[in-house]
Amino acid sequence: MADLTPSRTLSLPIEGMSCASCVGRVEKALRAVPGVQSAVVNLATERASLSGDTLDRAALVRAIEKAGYAVPDSTQDLAVEGMSCASCVGRVERALAAVPGVSAASVNLATERATVRGSADPDLLIAALRKAGYEARVQSPQQGPSPEAEARKDAEARDLARQMTRAALLTAPVFVLEMGGHLVPALHHWIDATVGMQASWMLQFVLTTLVLFGPGLRFYTKGLPALARGAPDMNALVAVGSLAAYGYSLVATFLPGALPAGTVNVYYEAAAVIVTLILLGRLLEARAKGRTSDAIRRLVGLAPKTARLRRDGQVQEVPVADLRTGDILEIRPGERIPVDGVVTEGDSHVDESMITGEPVPVAKAPGSPLTGGTVNQTGALALRATAVGGDTVLAQIIRLVEQAQGAKLPIQSAVDRITLWFVPAVMTLAVLTFGVWLLFGPDPALSFALVNAVAVLIIACPCAMGLATPTSIMVATGRGAELGVLFRKGDALQHLRDTAVVALDKTGTLTEGRPALTDLVPAPGFDRATVLAHVAAVESKSEHPVARAMVEAAQTDQLALSAVTGFQSVTGYGASASVAGRRVDIGADRYMERLGLSVDSFAETAEALAAEGKSPLYAALDGQLAAILAVSDPIKPSTPQAIRALHDLGLKIVLLTGDNARTARAVADRLGIDEVQAALLPEGKVEALRLLQRQHGPVAFVGDGINDAPALATADTGIAIGTGTDVAIEAADVVLMSGNLQGVPTAIALSQAAIRNIRQNLFWAFAYNAALIPVAAGALYPAFGLLLSPVFAAGAMALSSVLVLANALRLRRLTPAT
């Protein structure tokens, strides 16, 4: 059947177009598809805009591909309503995967969100879910939970509270009349003598009917259609269990002659209490779920809603959403900074702890960068907006946290496969329980069969299984964001826990990344000022920290820098250029050797410098070795403590650096690092990581520079220092928002705690069912005469999900590793 979309417009991304003739070919191909009235292709945006009475997306994609172009996969988020347990997750994923154009679908029960990759039309996805019994809507890219979604969840929680209270008030008399009589014989005799047993049953019937078809109606409107579709869920278990107890009680009340002698009993209290307790569990679950996303809400709350905009000599308060890059904003003392920007006027200190985790305020002056959401402290500032809306650092953090929270860890895949068949298996077991008790049970066999079958239906709890993993992920990634640790990829939370080796870059990771020139020893025939002026001129074209050190040294000596031509950076070696007609080369000893220059004349000097932890470099002018230079990059104050914390976690620490071996060993000895591999080019770091993986197992690599990007991508877990380059951050799985290496042991400790928490949750969810379903079926009766009442089964079921959520919330109390 064709995937037809009603009269409407449609936009498709297109890859492979290079010129105007490509546009013409694509438009011609699209207009030839039946139902297309107009097709306009934009080469700049690489998108096709179509309109027509009926648009067959699959046919449109085929037409584009036949013309020699491609429609790339896109990612769509859907908010899904109506999921109640883990079996729902499997059904939603299967329904989405069956839609043409879907390449992958992942569903998160805790966030109630589906992430779909492919080229499928959103309307078709929503229609497929509606056919499967779920409502859905497109979740547009956003910064945190939308106000509409928050309002809907709050309204649901309030409604659950009202319905649960109503059910409890109606159930209490039923419970007292029936269970009170069983527990207290005197009460039973009093009820029989005053009210009469038949009148008591009639009252219980009325109250239970009000409970089941009032507050409990939600279970039947969702569970029975799911059962009819052959896809039973948690609602179906509750519906069948409570209706079985209620139906049997109806027969006992109004047609007692239809039941065998000795089996005329009522179980109104079981039906009513089941509904009430499960409503209570749902209420507690909703409230606990809300707390799992508190971190996102707190992050969103950091962004001010308004800003003081300076325009045409006037200052006016405007919504932050209306700001544009280049706007000049005024920030008063104590105010939160609304967007990212650069200080244009004023001096102050800014609390950036929400971004970096560092409690010490940072001094700001004209030219200093400012981050939205941070707090201005003492002085008044003016800033020029450089990033607004979704481009701010805070918005990017929120997106990363949301992506990580919505991720599905490898450990969840096995759980999903089991839970998809769990509810049908429970219903089958309930039928078998009923049959065995009816055939082999003691008198009254029918009563025993009914009670135990209902207990089996009610005790089963796939809710706990479905929530075990995603709730822990949500809380852990949220807590990580508060501690300055961002998991860019959700599965990094699992992989990081298995880390055996932590490999570290040196410059900017262990050290401040702000080296200073400490030594310059010229070769015979060269003077210091000439060499430094030429070297600084070349390095003025580079952004490397060492290059900045050279330029700053020349500026300190007030040396004039000549014009530079032909600048060339040789990655991993050094740089070269022409300065005032002279060729200048600067780099490590291996660069000099590559140029055919011997550095043996400086061997003793280089050894002495390296022993002091300084990095020797060499300069050549016009093909002659001109000087040895040394830079020293101070070790960050937090680095020694971080290395100790990593050792305390039982990890092997390896230093991988492009620096020379003597300098690297001096730094490693000072910090207690286990192994050093020095003088490595970027590809050398990749090979070193692969060797460590073969020898020791999973490796995490920590780096901050462009040359670290290949290593970050190769490692099992790449950890980027957030103060580093964008390229490094994009290649990483985890980002440390501050330059503090202490974030590495914190990230690993958080990963270990999260996976431990998930395993505790899964153990509880599965052990609970493995232990209590047989008890509910009556396994203890032959030996001990014990049976599990459906009432206690309902209480245990409701408690199961709440315990899983409460355990996940413990991760909110995790403190940074020290």
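Residues numbered from 1 in each chain as written. Predicted model: local features only at pLDDT ≥ 70, side-chain atom pairs only at ≥ 80, totals over all residues. Heavy atoms only, no water.

Asks: Explain the overall build of the protein chain residue by residue, including any values.
Replies: Counting its regular elements, the protein chain contains 30 helices and 31 strands. Residues classed as buried in the protein chain amount to 54% of the 818 residues present. Here the analysis covers contacts within the protein chain between residues at least 6 apart in sequence; of these, 69% occur between residues at least 24 apart. Working note: accessible area of the protein chain is about 34,300 Å², and carbon and sulfur atoms make up 58% of it. (Helix = DSSP H or I, 4+ residues; strand = E, 2+ residues; numbered from the N terminus. Buried < 20%, exposed > 50% of the residue type's maximum accessible area, 1.4 Å probe, protein only. Contact = heavy atoms within 4.5 Å. Areas by Shrake-Rupley, 256 points an atom, 1.4 Å probe, with all protein chains shown as cover.)

Asks: Now, about the pattern of salt bridges: what can you tell me, with residues and values included?
Replies: Here the idea is simple: oppositely charged side chains can pair when their charged atoms come close. Under the definition given, this model contains 22 salt bridges. Residues R479 and E482 are paired through a salt bridge, measuring 3.1 Å at the closest nitrogen-oxygen approach. One end of the pair, R479, and the other, E482, are both in helix 17 (residues 462-482), three residues apart, so they sit about a helical turn from each other. What emerges from the salt-bridge pattern is a single network uniting R308, R310, E330 and E345. (Salt bridge = Lys/Arg side-chain N within 4 Å of Asp/Glu carboxyl O.)

Asks: Can you explain the environment of L309? Please cite residues and give values.
Replies: For L309, the position within the fold is in strand 10 (residues 306-311). Measuring from C-alpha to C-alpha, the distance between L309 and P319 comes to 9.5 Å, with ten residues separating the pair along the chain. Not counting the four nearest positions on each side in its chain, L309 is found in contact with Q314, V315, Q316, V318, L323, D327, I328 and L329.

Asks: I'd like to hear about the sheet that holds strand 12 (residues 328-331), residue by residue, with values.
Replies: Read across the open sheet, the six strands follow the order 11-10-12-18-13-16; overall the sheet is antiparallel. A single partner strand is all that each edge strand has here, and the edge strands are strand 11 (314-319) and strand 16 (369-370). (Pairing = 2+ DSSP bridges.)

Asks: Would you mind going over the pairing of strand 23 (residues 574-579) in detail, with residue names and values included?
Replies: Regular strands show a simple pattern: their side chains alternate between the two faces of the sheet. A large share of strand 23 lies buried, amounting to five of its six residues. Two elements, strand 22 (residues 564-570) and strand 23, share five bridges in a ladder whose sense is antiparallel. When the bridges of strand 23 are listed, V570 appears paired with G574. Turn length for the strand 22-strand 23 hairpin, with the two strands adjacent in sequence and antiparallel, is three residues, and the turn residue G572 shows positive phi of about 85 degrees. Sheet topology note: the strand 23/strand 24 (residues 582-587) ladder contains six bridges and is antiparallel. Across the sheet, residue S578 finds its bridge partner in strand 24, namely R583. Taking the residues that link successive antiparallel strands as the turn, the strand 23-strand 24 hairpin has two residues, and the phi of A580 there is positive, at about 55 degrees.

Asks: Account for the sheet that holds strand 6 (residues 74-81), with residues named and values stated.
Replies: Reading across the sheet, the four strands line up as 7-8-6-9 and stay open at both edges, with antiparallel pairing between neighbours. A single partner strand is all that each edge strand has here, and the edge strands are strand 7 (102-108) and strand 9 (135-139). Taking the axes of each pair of neighbouring strands and ignoring which way they run, one obtains an average angle of 25 degrees across the sheet. (Axes fitted to C-alpha atoms, helices over the stretch in contact; angles between N-to-C directions.)

Asks: Lay out the packing of helix 23 (residues 639-648) against helix 28 (residues 743-777) with the relevant residues and their values.
Replies: Interhelical geometry of helix 23 versus helix 28 gives an angle of 25 degrees and a closest axis separation of 8 Å. Relative to helix 28, the element helix 23 is oriented roughly parallel. Mapping the contact onto sequence places A642, A645 and L646 in helix 23 and V744, P745 and I748 in helix 28. Among the residues making up the contact of helix 23 with helix 28, the classes are represented as six nonpolar, no polar and no charged. (Parallel < 35°, antiparallel > 145°, perpendicular 65-115°, else oblique. Nonpolar A, V, L, I, M, F, W, Y, C, P; charged D, E, K, R; others polar.)

Asks: Which residues make up helix 2 (residues 57-66), and what values do they have?
Replies: Taken together, the buried positions of helix 2 are R57, A59, L60, V61, A63 and I64. Just past helix 2, the residue G68 takes up positive phi, approximately 100 degrees.

Asks: Explain the nonpolar core residue by residue, including any values.
Replies: Counting residues in each nonpolar core, the largest one holds 133 residues, and the members touching the most others are L78, V80, L96, V502, L510 and V744. Among the elements that line this core, the one with the most residues is helix 28, at 15 residues. Among the nonpolar cores identified, the runner-up in size contains 41 residues, and F526, V570, L621 and I628 belong to it. (Core = buried A, V, L, I, M, F, W, Y, C linked by side-chain atoms within 4.5 Å.)

Asks: Go over the UniProt feature "transmembrane region" (unreviewed entry) in the protein chain with me, naming the residues and quoting the values.
Replies: Within this structure's numbering, the places UniProt gives as "transmembrane region" (unreviewed entry) are residues 167-187, 199-217, 237-259, 265-284, 418-440, 446-469, 762-781 and 787-809. Across residues 199-217 one finds 79% helix and 0% strand; the C-alpha atoms that close the span lie 25 Å apart. Taken end to end, residues 237-259 is 78% helix and 0% strand, and its first and last C-alpha atoms sit 25 Å apart. (UniProt positions renumbered as here; feature names shortened; annotations may be inferred.)

Asks: Please set out the side chain of E27 residue by residue, giving values where relevant.
Replies: The residue E27 is located in helix 1 (residues 20-31) in this model. Contact partners of E27, with chain neighbours within four places excluded, come to A39, V40 and V41.

Asks: I'd like a rundown of the confidence of the model for the protein chain, residues and numbers included.
Replies: The pLDDT averaged across the protein chain works out to 82; a share of 87% of its residues lies at or above 70. Strand 20 (residues 501-504) holds the highest mean pLDDT among the elements of the protein chain, 94, whereas strand 1 (residues 4-5) holds the lowest, 46. The low-confidence segment residues 1-7 (pLDDT under 50) makes 18 contacts with residues lying over four places distant or belonging to another chain. (pLDDT = per-residue confidence, 0-100.)

Asks: Account for a nonpolar patch on the surface, with residues named and values stated.
Replies: Taken together, the side chains of M202, F254 and L255 present a nonpolar region at the surface, about 290 Å² in accessible area. Relative to the helices and strands, F254 is located in helix 9 (residues 234-254). Its relative accessible area of 42% is what places F254 among the partly exposed residues. (Patch = residues over 30% accessible without salt bridge, like charges linked within 9 Å, V, L, I, M, F, W, Y side chains within 5 Å.)

Asks: Explain the packing of aromatic side chains to me, using residue names and the numbers behind them.
Replies: All chains considered together, the criterion is met by nine aromatic pairs. A centroid spacing of 5.8 Å and a plane angle of 70 degrees characterise the contact between F213 and Y246, whose relative ring orientation is edge-to-face. Here Y246 lies in helix 9 and F213 lies in the loop between helix 7 (197-212) and helix 8 (217-228), a separation of 33 residues in the sequence. Lying over the aromatic face of Y573, R590 brings its terminal NZ or CZ to 5.8 Å of the ring centre. (Phe/Tyr/Trp six-rings, centres within 6.5 Å; stacked < 30°, edge-to-face > 60°. Lys NZ or Arg CZ within 6 Å of the ring centre and 35° of its normal.)

Asks: I'd like to hear about the environment of L617, residue by residue, with values.
Replies: Counting through the fold element by element, L617 comes out in strand 25 (residues 615-621). The sequence separation of L617 and M592 amounts to 25 residues, and the corresponding C-alpha distance is 9.4 Å. Excluding anything up to four places from it in sequence, L617 contacts V546, M550, G587, A588, A627, I628 and L629.

Asks: Can you lay out the pairing of strand 25 for me, pointing to particular residues and giving the numbers?
Replies: Where burial is concerned, most of strand 25 is hidden: seven out of the seven residues are buried. Neither face of strand 25 is exposed, since S615, L617, A619 and L621 on one face and P616, Y618 and A620 on the opposite face are all buried. In this structure, the hairpin formed by strand 25 and strand 26 (residues 624-632) is closed by a connection of two residues, where D622 is found at a positive phi of approximately 55 degrees.

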